[in-house]
Structures are given as structure tokens and as C-alpha cells.
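# Coordinates in review
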Amino acid sequence: MFQEKLHPFIERYEEINRLLSSPEIAADIKRMTELSKEQSQLAPLVEKAREYLQIAEAIEENRAMLGDQEFGELAKEELSALEPRLPELEEEIKVLMLPRDPNDEKNIYLELRAGTGGDESALFVEDLFKMYLRYAERQGWKVEIVSSSEGTAGGYKELIALIKGEGVYSKLKYEGGTHRVQRVPATETQGRIHTSAVTVAVVPEVEDVEVDIKPNEIKMDVYRSSGCGGQSVNTTDSAVRLTHIPTGIVVAIQDEKSQHKNRDKAMKVLKARVYEAMMRQQQEATASQRKLQVGSGDRSEKIRTYNYPQNRITDHRIGLTLYALDDVMNNGTLEQVIDPLIAHAQAEAIQEAGL
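We now turn to the structure provided with this report. (Residues numbered from 1 in each chain as written. Predicted model: local features only at pLDDT ≥ 70, side-chain atom pairs only at ≥ 80, totals over all residues. Heavy atoms only, no water.)

Within the chain, the regular secondary structure consists of eleven helices and eleven strands. Taking 2.2 N^0.38 as the reference for a compact globule, 355 residues should give roughly 20 Å; the C-alpha atoms of the chain span a radius of gyration of 26 Å, well beyond that estimate. For the chain, the spread of C-alpha atoms along the three principal axes comes to 90 × 60 × 35 Å. Counting across all 355 residues of the chain, residues that qualify as buried make up 39%. Looking at the chain alone, contacts between residues at least 24 apart form 61% of all its contacts between residues at least 6 apart. (Helix = DSSP H or I, 4+ residues; strand = E, 2+ residues; numbered from the N terminus. Rg over C-alpha atoms; globule rule 2.2 N^0.38 Å. Buried < 20%, exposed > 50% of the residue type's maximum accessible area, 1.4 Å probe, protein only. Contact = heavy atoms within 4.5 Å.)

Following this line, the structure appears as C-alpha cells:
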């Protein structure tokens, strides 16, 4: 019975409240911090659970009064208001009962790379970045370009941005994969539609304590920067390339004039990528976790198509098609795609958990 599943959460919440008021816990800062975090995570679930139990009890009381001459009609009215709320609450609670993704509240490195399609692909990297930038603005997030490499005809061959804010990873974690664009390039004289592709990676930012990279595991190369960037760019060895020897992961940063700043940036991106590689290994080792993914997150997996002539955006993982491409790209209304993806992932997780 669903009601029985709620009591352990309420009991644990009340136990935490008792523990937090005890002198022993007050003297243990680490334990107090852990309990306070657990308490804040449980609070929304417990609030909904208590509401569910109250409504369930009220429904039983009103059903018992249906045959009463004096209160029967009133009970019927009460039931018509209460009964539809119960299944709604049940679905809300099921989502809150799912295990939390430890990365959901993290900031991310958004990495965009031109794929097939040459110059047109580099131009689409810029268009995609602007779409994410507008979506980030709507969410109240901050975006900082960490590294960029310009395309020969405009746009970017590669762009890495740090996106900071509340729940960034939870919203953007399903964006990883190949994004395909179908449109007539500006350079096309015959009006033919070309297909190009951009790969997107979403890498959670990590704290130093989460990833332990030893100095002897890193090979550092310095070289002269190329491309635009001012007088000193091509005259000093300011660009930095870091290679993580155990995994073969490489990060190159050249945007800053200072070698020291480039190394700091490269180190942060490297740690995030190493963490992501570890995370992916764990997911692959857990069959149930793999089932919960909306797609694999593999960069080679084609996840979405942007068809400009038809004003169509299609997410292939959940079979979603919207004729609102201009709105998504120009106004950053990416929630039209992201919200159904999250709902689909939650529905799969609820089914998997047997809730």
C-alpha cells in the first residue's frame, strides 16, 4: 500500500529533528552539517507525504458519511474536491522518492565541438551556444567562456563554457550527444539543404576533494597561441596543454595571455573530465543505472535534429517533435524540450524502482 511507503520518510525526518536538537550533535560540526543537508533534502517529500496522509484520512471519513441523511450531501461535495488530488500527490511524491543524482546541483562545463559539415558545423556551434546562453539567462544562471577556437568562416571549431547557477546539471545533463542541423548554408548558391553535426558534452564541475590527480599523472606542454587575441598571443608560450596520463584525457587552453591562468583553467576542466570519465564507468558497471539514462549520453549518439526549413526540432530519444525551432533558438525556450526529457527519465526511474 502506497501510504505505508511514506511512514519511513516521515519517521526519519522526525528522528533528524530530534538529533539536531541534541547537545552531542551540536558539538559535532561535520555530523550536524550532514544531518542538516539530509533534513533539507527530505523536507519537500515529508511535506507532500503528510498532505497525502491527511487527504487519504479525510476521504475515508467522508466515504463513511455518504449514507448519512444530514451530512451525506456535504460528504459527497468534499469527496469530489479531495479524490482528484490524491493521485496527483502520489505522482509528485514518487518523483521525490527517487534517489537524488549527486551531481544535480553542480555547475557544468558545456563543451561544443564542430563535427561533420565543415564551416557550416562551426557556425552551428555558435548558434547552439547562443541558444544555451539565452536559456541560461532565463534560468538566472551565469555563463563564462573558458576556451574557444574560431572557425575559418566564423563560428567556433570548439567552445567550452562554464555555466553556474542553481541546479544547472539537473536541467542540462541530457544535452550530451550529437546535435544535427539541416538547413541551407549562407555559402550555398543552389539553395540545397546541407546536414551538419555538432557534438555536445555536459561535464559537472568538481571540487578538488572529489578528484585526486597526482602531479606525476600530468604531462604539461606549453606552446604559442594561435588565432585572434591581441599582440602578445603569438609571441609568448602562454598556451597550455595538459594530458592526464592514466586516462589519456587532454585539455588545451590558450584564451588567457598568462600561462599561469591558462594552466589553472585547464586544470579545472581536466579534473571535471576525469570525474566525468569515472562517473561514466560507474554507470556502465550498473545495469539498472544504464536503463535510467535518456540515451547513453555518448557523444556519438545522435540525439536531436534541428530542421530549419520546416521550423522543426526533434529529440530522437523520446520521439518528441516540435514546430517551434525559431522560438527555441532565438528566445532560448529550451524547456520545451528539456522538461519532457526530465519527465520521461523520471517515469522510467519510477518504473525501475517499482514505486
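Here we take up the environment of Y169. Inspection of the secondary structure assignment puts Y169 in helix α7 (residues 168-172). In sequence terms Y169 and Q259 are 90 residues apart; their C-alpha atoms lie 30 Å from each other. Excluding its chain neighbours within four sequence positions, the residues that come into contact with Y169 are D101, N103, D104, K106, I108, V202, P204 and M279.

The next point concerns a nonpolar patch on the surface. A surface patch of nonpolar side chains, about 260 Å² in accessible area, is lined by M65, F71 and L74. The residue M65 is located in the loop between α3 (29-64) and α4 (72-82) in this model. Judged by relative accessible area, which is 32%, M65 ranks as partly exposed. (Patch = residues over 30% accessible without salt bridge, like charges linked within 9 Å, V, L, I, M, F, W, Y side chains within 5 Å. Areas by Shrake-Rupley, 256 points an atom, 1.4 Å probe, with all protein chains shown as cover. Salt bridge = Lys/Arg side-chain N within 4 Å of Asp/Glu carboxyl O.)

Our next topic: the pattern of salt bridges. Two side chains of opposite charge can pair, provided their charged atoms sit close to one another. Applying the stated criterion to the full structure yields 27 salt bridges. R113 is paired through a salt bridge with E111; the nearest N and O atoms lie 2.7 Å apart. Its relative accessible area of 1% is what places E111 among the buried residues. With its nearest N and O atoms 2.8 Å apart, the salt bridge here joins D127 to R183. Of this pair, D127 sits in helix α6 (residues 118-139) while R183 is found in strand β4 (residues 177-183), placing the two residues 56 residues apart along the sequence.

The next thing to look at is the packing of helix α1 (residues 2-20) against α3. Contact pair α1 / α3: the axes reach a minimum separation of 8 Å and the direction vectors enclose 140 degrees. The orientation of α1 with respect to α3, classified from their angle, is oblique. Viewed along their axes, α1 and α3 form a crossing whose handedness is left-handed. Tallied by class, residues from the contact of α1 with α3 come to 18 nonpolar, five polar and four charged. (Axes fitted to C-alpha atoms, helices over the stretch in contact; angles between N-to-C directions. Parallel < 35°, antiparallel > 145°, perpendicular 65-115°, else oblique. Left-handed = near helix turned anticlockwise from the far one by under 90°. Nonpolar A, V, L, I, M, F, W, Y, C, P; charged D, E, K, R; others polar.)

Across all of its chains, the model carries three aromatic pairs by this definition. A ring pair is formed by F124 and Y306, whose centres lie 5.3 Å apart and whose planes are at 65 degrees; its orientation type is edge-to-face. Here Y306 lies in strand β9 (residues 302-307) and F124 lies in helix α6, a separation of 182 residues in the sequence. A residue is classified by how much of its surface remains accessible, and Y306, at 0% relative accessible area, is buried. Considering the side-chain rings of Y135 and W141, the 5.7 Å spacing of their centres and the 85 degrees angle between planes classify their relative orientation as edge-to-face. We note R183 situated over the ring of Y308; from NZ or CZ to the ring centre the distance is 4.9 Å. (Phe/Tyr/Trp six-rings, centres within 6.5 Å; stacked < 30°, edge-to-face > 60°. Lys NZ or Arg CZ within 6 Å of the ring centre and 35° of its normal.)

Attention shifts here to the sheet that holds strand β10 (residues 312-315). Ordered in space as β2-β3-β1-β5-β4-β9-β10-β11, the eight strands form an open sheet in which the pairing is mixed. Two strands bound the open sheet, and with one partner strand each, they are β2 (142-150) and β11 (320-322). In this sheet, neighbouring strand axes are inclined to one another by 15 degrees on average, regardless of whether the strands run parallel or antiparallel. Strand direction decides the pairing type here: strand β1 (residues 108-114) and strand β3 (residues 156-164), joined by six bridges, are antiparallel. If you follow Y109 over to β3, its bridge partner there is L162. (Pairing = 2+ DSSP bridges.)

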